[in-house]
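# An overview of the molecular structure
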Amino acid sequence: MSRKYDLVIVGAGPAGLMAARVAGENGLRTALLERKTAIARIRRIDGGILSPLNEYTFGQTVTFNPEVKRIGFPVCGFSIPYDGPYQNVYGFDMFSPGGTRITFGDREKQRQDPQKYRVGVSLDKELMLQGLLDEVEKAGVDIFPGINVTGIEKKSNSVLVTGNGEVFEGQFVIAADGVNSRTARLMGMNKQRKFFATHPECAWYFEDIEIPEIAGIGFVFTAYGNFYISQTCFKNHYHVGITSFTPTNEFPAKLNRFVYEDEIYSKWFKGGRKTDEVSCVINMLAPLQEPFKDNVLFIGDAAWLMEVTNVAAMCCGWKAANAVALAMIDGKMSKEGIAGYLEWWEQYFFGPYGQVEFKPFELQDFLEPGDIDYLGGLVTEPLIATMDFYKMVNTLGTTFGELFPVIQEQRPDVMERLMMVANQMDEAEEAAGKAGFPNR
Amino acid sequence: MVIIQQEVCTGCGGCIDLCPVIAVSMVDDRAVINPDSCTDCKICVKVCPVNAPYEAA
Ligand SMILES: Cc1cc2nc3c(=O)[nH]c(=O)nc-3n(C[C@H](O)[C@H](O)[C@H](O)COP(=O)(O)OP(=O)(O)OC[C@H]3O[C@@H](n4cnc5c(N)ncnc54)[C@H](O)[C@@H]3O)c2cc1C
């Protein structure tokens, strides 16, 4: 016996929760299935940074007004509650093994007018999800925590979704089960997707540390690994993490070395308290150009290479549930019915960002620590303020492109190694692909 | 046979997502392997960022 719904949503992250709220508000009989038992609880790494503020990514931007305790989405036209701590975020920083630094955003100018110049705010993501979950409940959605979806198939005029021995039947399904989407795999969506790398991360939560240089995310390149430090919603609390583009068992040892022994950086963590440890594994598959098959619509991270961000995920949920509501009104229970979503996805996501060439490689495989110090020292003025990864990478590309003549003249040896990076990117990509687990 | 050390697991769910035979599930915020479905492929051992799964004799 199956339970019958207009819409079944798999996954209660920001994308699935927003889809559920909008579906409920539109009067759709909706089921929300989530494998976690405590839906708002986060055990997978998330920096909790709400961005983009004062800029656009995927055509979207957000506003945050702590006085009315709401986050606004002026492009899509909705808002969500947020009543909790926050800190302003001003941009990225990059640190070399020896301590040179590249900064995105002019901190001094930004701090004079935070409203205008912040590019994000760090929030408590669990509180944000809880606020959204409360609204989903009010919208009359049937919420099923603890359902781990293990099967999905089209059956004549509907889709059957199974998990923990229960069957849910929907006219449409919205698959919002995140970056390693099992529903995408089960529906055969991954067969055609290019696989880039299996990308693990591990992060420690630290309290009572002061890192005045970082007001957003700081990336630290060392001779032995790539680290990041990200500002949380509480003063003097940070996440300190390590990343890689190949699976490895060296994370705990390397994090330990960075935090307690690194000659330059361990001083940041003196006297701090480690309060938790989190991690994640992301399988990087090329974004879906057409995220729809057999009345299943893939949204948010489930349809992307890696993270679309919380904001973009919510926008996807909002757009998707409205599209399904219109399809039901129009009586078009097919791809034609939700064409509005697919056009929107093409316009804001796949078209501008979906085919960006991504190369998983580690700088340290090509450059000496001293080279990275030298290059970091060349960029003395702040670059544009941004929390957008695509903009950051492009800006670095242009900045160093313009510096090539200087590097060639001052350090032809570094220039030679830089050229090697360009030549060997394809090999690095192939190596990362071989070490990973595409799991199609 | 692979076993996940509960006190090391952070509950990120990476192994659950990548297990090819859906043998791993989340119990009380931690990953647990169902020995009846596990095929001993060890992908979970390789991808775990904190080395929680280990091979028991
Ligand atoms: C290291 C890291 C740091 C990040 N930092 C930030 C940040 O600072 N700011 C930001 O905006 N974004 C950040 N992100 C990205 C952000 O986490 C994602 O873009 C966002 O959560 C995507 O939302 P989603 O709803 O699409 O997927 P998810 O949030 O991944 O939600 C998917 C949900 O589906 C559930 N699920 C999965 N499989 C099943 C199944 N088979 N059955 C039932 N339920 C299932 C999961 O438990 C989960 O609740 C970060 C991501 C990573 C990896």
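Our structure is the block above this text.
Quick caveat: nothing in here was measured; it's all calculated off a predicted structure.

Definitions and cut-offs
- Residues numbered from 1 in each chain as written.
- Chains lettered and ligands numbered in written order.
- Predicted model: local features only at pLDDT ≥ 70, side-chain atom pairs only at ≥ 80, totals over all residues.
- Heavy atoms only, no water.
- Near = heavy atom within 4 Å.
- Polar contact = N/O pair within 3.5 Å; in protein donor to acceptor, adjacent residues only side chain to side chain.
- Areas by Shrake-Rupley, 256 points an atom, 1.4 Å probe, with all protein chains shown as cover.
- Phe/Tyr/Trp six-rings, centres within 6.5 Å; stacked < 30°, edge-to-face > 60°.
- Helix = DSSP H or I, 4+ residues; strand = E, 2+ residues; numbered from the N terminus.
- Buried < 20%, exposed > 50% of the residue type's maximum accessible area, 1.4 Å probe, protein only.
- Lys NZ or Arg CZ within 6 Å of the ring centre and 35° of its normal.
- Core = buried A, V, L, I, M, F, W, Y, C linked by side-chain atoms within 4.5 Å.
- Contact = heavy atoms within 4.5 Å.
- Buried area = accessible area lost by both parts, 1.4 Å probe.
- Salt bridge = Lys/Arg side-chain N within 4 Å of Asp/Glu carboxyl O.
- Nonpolar A, V, L, I, M, F, W, Y, C, P; charged D, E, K, R; others polar.

## Structural notes on the site of the ligand
Residues and elements named next belong to chain A. In the vicinity of the ligand there are 32 residues, among which Glu-34, Asp-46, Ile-49, Val-149 and Asn-310 approach most closely. Here Val-308 contributes a backbone N or O atom positioned 3.5 Å from an oxygen atom of the ligand. Between an oxygen atom of the ligand and a main-chain N or O atom of Thr-309, the distance comes to 3.0 Å. Protein chains bury 91% of the 1,000 Å² of accessible surface belonging to the ligand in isolation.

## Observations concerning the packing of aromatic side chains
All names here are of chain A. Within this structure, the stated rule accounts for 34 aromatic pairs over all chains. Ring geometry for Phe-206 and Phe-269: centres 5.7 Å apart, planes at 40°, overall tilted. Of this pair, Phe-206 sits in strand E15 (residues 195-207) while Phe-269 sits in the loop between helix H6 (251-260) and strand E19 (273-285), and the two are 63 residues apart along the sequence. According to the relative accessible area criterion, Phe-269 is buried, its value standing at 4%. Between the aromatic rings of Tyr-224 and Phe-227, the centroid separation amounts to 5.6 Å while the plane-to-plane angle is 65°, which identifies the pairing as edge-to-face. Per residue, the accessibility class of Tyr-224 equals that of Phe-227, and both read buried. Here a set of aromatic residues connected by ring pairs shows up, and it is made of Phe-95, Trp-204, Phe-206, Tyr-224, Phe-227, Phe-258, Tyr-260, Tyr-265, Trp-268 and Phe-269. Lying over the aromatic face of Trp-204, Lys-274 brings its terminal NZ or CZ to 3.9 Å of the ring centre.

## A look at the nonpolar core
Ranked by size, the top nonpolar core spans 129 residues in total, and within it Ile-71, Ile-299 and Tyr-341 of chain A carry the most contacts. The biggest single contributor to this core is helix H7 (residues 310-330) of chain A, with 13 residues. Residues Cys-202, Phe-258 and Trp-268 of chain A together with Val-24 of chain B belong to the second largest nonpolar core, which totals 35 residues.

## Some words on unusual backbone geometry
Cis rather than trans, the peptide bond between Ser-51 of chain A and Pro-52 of chain A has omega equal to 5°. Assignment of secondary structure puts Pro-52 of chain A in the loop between strand E3 (49-50) and strand E4 (63-65). Residues other than glycine seldom take positive phi values, yet Asn-164 of chain A does so here, at roughly 50°. Summarising the element assignment, Asn-164 of chain A is placed in the loop between strand E13 (158-163) and strand E14 (166-175). When its relative accessible area of 48% is taken as the criterion, Asn-164 of chain A is described as partly exposed. The phi dihedral of Lys-42 of chain B falls on the positive side, at around 70°, and the residue is not glycine. Assignment of secondary structure puts Lys-42 of chain B in the loop between strand E3 (30-33) and helix H2 (43-47).

## Things to note about the interface of chain B and chain A
In this assembly, 21 residues from chain B lie in contact with 25 residues from chain A. For the pairing of chain B and chain A, the buried interface totals around 2,100 Å² over both sides, and the portion due to carbon and sulfur atoms is 54%. Linking chain B with chain A are two salt bridges, by the criterion used here. As a salt-bridge pair, Asp-29 of chain B and Arg-41 of chain A come within 2.4 Å of each other at their nearest N and O atoms. Taken together, the connections running from chain B to chain A amount to 10 residue pairs in polar contact (both at pLDDT 80 or more). Of all the secondary structure elements, the ones that give two or more residues to the side of chain B that touches chain A are helix H1 (14-18) and H2 of chain B. Take the side of chain B that touches chain A: its biggest share by element is four residues, from H1 of chain B. Across the side of chain B that touches chain A, the residue classes break down as 12 nonpolar, five polar and four charged.

## Considerations on the pattern of salt bridges
Where side chains of opposite charge bring their charged atoms close, a pairing between them can arise. Residue and element names in this part refer to chain A. Within this structure, the stated rule accounts for 29 salt bridges over all chains. For the salt bridge of Lys-359 with Glu-357, the shortest nitrogen-to-oxygen distance reads 3.4 Å. For Glu-357, a relative accessible area of 54% corresponds to the exposed category. Asp-371 serves as the salt-bridge partner of Arg-417, at 2.6 Å between the closest nitrogen and oxygen. Taken together, the positions of Arg-417 in helix H11 (residues 412-435) and Asp-371 in helix H9 (residues 369-378) put the pair 46 residues apart, joining distant regions of the chain. Among the residues examined, Asp-371 registers a relative accessible area of 2% and is labelled buried. What you see here is one network of salt bridges that share partners, running through Lys-194, Glu-357, Lys-359, Asp-426 and Glu-429.

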